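Report on the structure
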Amino acid sequence: MTASLPTTPTQLYIGGSWRDAEEGATLAVENPATGDVLTHVADASVADGRAAMDAAVAAQADWAATPPRDRGEILRKAFEIITERTDELALLMTLEMGKPLKESKAEIAYGAEFFRWFAEESVRIAGRYSVAPNGATRLLTMKQPVGPCLMITPWNFPLAMGTRKIGPAIAAGCTMVVKPASLTPLTMLWLASVLEEAGLPGGVLNVVTTSHTGDVMEPIIRDPRLRKLTFTGSTEVGRSLIEQSAEGVLRVSMELGGNAPFLVFEDADLDKAVDGAMLAKMRNIGEACTAANRFLVHETVADEFGRRLAERMSSLSVGDGTGESIDVGPLVEEKQRDKVSELVEDAKAKGAQVLTGGEVPGGAGWFYPPTVLAELTRESKIWSEEIFGPVAPIFTFTDDDEAVAMANDTEYGLVSYLFTENLSRAMLVAERLETGMVGVNQGVVSNPAAPFGGMKASGFGREGGDEGIEEYLETKYVGLAL
Ligand code: NAP
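Now for a look at the structure at hand. (Residues numbered from 1 in each chain as written. Predicted model: local features only at pLDDT ≥ 70, side-chain atom pairs only at ≥ 80, totals over all residues. Heavy atoms only, no water.)

1. Points about the nonpolar core
Across soluble globular proteins, nonpolar side chains show a tendency to be buried alongside one another. Residues I166, M176, F262 and F305 are the most contacted members of the largest nonpolar core, which totals 119 residues. When residues of this core are assigned to their parent elements, the largest contribution, nine residues, is made by helix α4 (residues 101-121). In this view, M176 contacts A56, C149, M151, I166, A169, I170, V204, L205 and N206; residues no more than four positions away in its chain are not counted. By size, the runner-up hydrophobic cluster in this structure holds 26 residues, among which are A42, A51, A55 and I220. (Core = buried A, V, L, I, M, F, W, Y, C linked by side-chain atoms within 4.5 Å. Buried < 20%, exposed > 50% of the residue type's maximum accessible area, 1.4 Å probe, protein only. Helix = DSSP H or I, 4+ residues; strand = E, 2+ residues; numbered from the N terminus. Contact = heavy atoms within 4.5 Å.)

Now the structure itself:
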């Protein structure tokens, strides 16, 4: 029996009020484990989007003038409420997104941590005072909030992709309009109600759910009052949003797609490498921009690595994520499963050997089994396309130069992983990898205290760490002739 949906708001949150969309329009939210409709949420129109923008603009001046400690305390309170209500939110998230409860809980711990981190950062925003080189003047720099922001988030981490934008914006004194993915709007609405409870003044955060995504977002992006656009999602959509944001010369942050290489050198500790591979591949059912997409393994250890990885992958339990013992839930929608299946079929047709998985199961829900493929060639589509599912393709290399060249042979540059027991090799290879993040002997790099972000077609800007709040601050310089 499917668990029942926890109580959560389903209306738009604009200017501190919950309200229906224009003409009462709604959009359905489905459970990917069953295909059943869970509930309906408000389906915002262009006018609703404009109202959210108006509310963010109206709240900006007062919010920027609110003492940093007060802004931080609201984030801290929200962190505590989210943490206390983890079980309720985990169920909500699992029902709308499909990931197993333990993955939802892990995302909640990670996502809430951005609020705690930025609660602490809000009181550390500072400028500097220095003497000009010629001694004649003084240079004063101050940090000020950028202003109203638009935040567009994806479905794969419905909480954390929001909190790592909302946290620093609140801390910096910016107001915002947030648009969650249409597939997973409930988590963001739940979060808005928590921030309201934590004392966030009306208008600082406005949440718009809509199925008319481009039509509602574009006028906001082109609104001259908007000062910043921050987006997490596909590179394809990111490119078009960068174009739209050129009109207003917006501050822009883009967290886009990935094609992470996972390098295993011949001197790697294979126990660590397989443990790391399970995390890098199976966190979030492989539906992560940081998911290991290409396993590049030294030819002398590839068979052993593949055998052990297939053994671990085939032992995972697949099913409706609300079951406590489930390791792997369904993919988020039919289209996503079709894409994963097509990539595997293409690899098979080009000679890949299936070590485990590789077949779409029958029955309801968008399930795909944990799969390991070996003996792949770079002609397979899987070499260059983001899989976003539980499939681990293994390629081989002969030396470090080839490993680095293979790792960098992609338009993306978000994260790479490398496994070796030789520290010099680890650092020399890390320096040569064209990615914004590198995991050495570890399969997860995400950490609220670290700057998350990519290079190349994976985007620009950083979320988390000391860098995260800078994205929401302008630096103003005042020259003083004394
Ligand atoms: P997506 O299709 O690009 O959607 C992301 C968000 O953009 C959703 O809210 C979506 O709304 C919205 N959107 C779609 N078309 C739009 C348009 N024309 N104008 C304005 N907004 C638009 O990506 P996705 O499939 O949800 O997410 C998966 C992608 O996100 C993957 O490529 C993954 O690598 C990337 N990702 C990157 C990071 C990172 O930090 N680098 C983290 C997580 C995910 P609708 O839902 O209404 O379509």
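Now that the structure is up, let's keep going.
2. Remarks on helix α6 (residues 186-197)
Each full turn of the α-helix corresponds to 3.6 residues, which orients residues three or four apart in the same direction. The first and last C-alpha atoms of α6 sit 17 Å apart over 12 residues, in line with the 16 Å expected at 1.5 Å per residue. Within α6, nine of the 12 residues are buried, which leaves it mostly tucked inside the rest of the structure. Residues L186, T187, M188, L189, W190, L191, A192, V194 and L195 constitute the buried set of α6. At the C-terminal side of α6, G199 shows a positive phi close to 105°. (Expected span 1.5 Å × (residues − 1).)

3. What about the site of the ligand?
For the ligand, the set of nearby residues contains 30 residues, the closest of which are T153, S182, T213, S234 and E386. Separating an oxygen atom of the ligand from a backbone N or O atom of T153 is a distance of 2.7 Å. E255 is positioned with one of its side-chain polar atoms (N or O) 3.4 Å from an oxygen atom of the ligand. Contributions of two or more residues to the shell around the ligand are made by α5 (160-172), α7 (213-221), β10 (228-232) and α8 (235-246). Per-element tally for the shell around the ligand: the top contributor is α7, with three residues. Across the shell around the ligand, the residue classes break down as 15 nonpolar, 11 polar and four charged. (Near = heavy atom within 4 Å. Polar contact = N/O pair within 3.5 Å; in protein donor to acceptor, adjacent residues only side chain to side chain. Nonpolar A, V, L, I, M, F, W, Y, C, P; charged D, E, K, R; others polar.)

4. Some words on the pattern of salt bridges
Once the charged atoms of two side chains with opposite charge are near each other, the side chains can pair. Scanning the model with the defined rule gives 32 salt bridges in all. The partner of E197 in a salt bridge is R85, with the nearest N and O atoms 2.7 Å apart. Residue E197 is found in helix α6, and its partner R85 is found in the loop between α2 (68-84) and α3 (86-97); the two are separated by 112 residues along the sequence. Given a relative accessible area of 42%, E197 falls into the partly exposed group. One salt bridge connects K272 with E421, and the closest N-O pair in it is separated by 2.9 Å. (Salt bridge = Lys/Arg side-chain N within 4 Å of Asp/Glu carboxyl O.)

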